[in-house]
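Notes for the structure review
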Amino acid sequence: MVQAVRSTLAILVTVAAVAVLVATLVTPVLQITGTSMTPTLHDGQLVVSLKGSNFSQGDVIAFYYNNKILVKRVIAGPGDWVDIDRYGNVSVNDQPLDEPYLTDKALGECDIDLPYQVPDGRWFVMGDHRATSVDSRSSAIGCVAEEQVVGNIAFRIWPILDFGPVQ
C-alpha cells in the first residue's frame with residue numbers, strides 16, 4: 001500500500017513538473033492588460049502563446065519591453081518600408097495594408113520619420129486600437145528584436161465564451 005502511494009505521488013509530481021515546463025517554455029499563458037489590442041483582445045482575457053520566431057504580417061505577438069510583456073500585431077518585417085498617412089492608412093512596400101481587424105484607423109502617437117525602413121532582425125508592430133496604442137510608431141518602443149519575442153498569440157482561453165483562435 002505504501003509503495004503504491006509513493007509510486008502514484010512520484011508520477012503526479014513528474015507530470016506536474018513536465019506541465020509547468022511546457023507551460024513556461026513552450027506555450028506561456030498570458031493575461032491581456034490594457035486596451036491597445038481592442039477589438040481583437042480585451043483587458044483581462046487569458047491567451048496562449050506559441051514559442052517561435054517565424055512571424056508573418058498580421059500575426060499577433062507578445063514581446064518583452066521594460067520588464068513588461070506587450071501584445072501587438074506584426075505589420076512589417078526586416079527590410080520592409082512602412083508608411084502611414086495622416087488618416088491612419090498603412091502601406092507596406094507601397095502596398096496598402098488590408099486590415100479587417102480594425103474598427104477605427106488613426107495615426108496615433110507617431111514620432112518616427114515616415115516612410116520608415118524596418119531594420120534587419122526586427123519587426124514593426126502596431127496595436128489594433130491605433131488611437132491609444134504605443135508601438136513601433138513611437139521611438140520609445142521602436143521595432144521589436146527577435147530576442148524580445150515571447151511568441152505568437154494563438155488562442156484565447158478565458159473567458160470561456162471567447163475561447164478560440166486569435167485572428
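Worth saying up front: this structure is predicted, and the values here are computed from it rather than measured.

1. A look at unusual backbone geometry
- With an omega of 10 degrees, the peptide bond between Thr38 and Pro39 qualifies as cis.
- Mapped onto the elements of the fold, Pro39 is located in the loop between strand S1 (29-31) and strand S2 (46-50).
- For the bond from Trp158 to Pro159, the omega torsion is 0 degrees, close enough to zero to count as cis.
- Following the sequence through the fold, Pro159 ends up in the loop between strand S11 (149-158) and strand S12 (164-165).
- Its identity is not glycine, yet Asn67 carries a phi of approximately 60 degrees, on the positive side.

2. Description of the packing of aromatic side chains
- Applying the stated rule across the entire model yields 3 aromatic pairs.
- Centroid distance Phe55 to Trp123: 4.9 Å. Interplanar angle 90 degrees. Geometry classified as edge-to-face. In this pair, Phe55 sits in the loop between S2 and strand S3 (60-65) while Trp123 sits in strand S9 (residues 122-126), placing the two residues 68 residues apart along the sequence. Summarising the burial analysis for this pair, Phe55 and Trp123 share the class buried.
- Residues Phe155 and Phe163 carry aromatic rings whose centres are separated by 6.4 Å and whose planes lie at 15 degrees to one another, so their mutual orientation is stacked.
- Looking at Phe155, the relative accessible area reads 37%, which means it is partly exposed.
- Judged by its relative accessible area of 52%, Phe163 falls in the exposed class.

Rules behind the numbers
Residues numbered from 1 in each chain as written. Predicted model: local features only at pLDDT ≥ 70, side-chain atom pairs only at ≥ 80, totals over all residues. Heavy atoms only, no water. Helix = DSSP H or I, 4+ residues; strand = E, 2+ residues; numbered from the N terminus. Phe/Tyr/Trp six-rings, centres within 6.5 Å; stacked < 30°, edge-to-face > 60°. Buried < 20%, exposed > 50% of the residue type's maximum accessible area, 1.4 Å probe, protein only.

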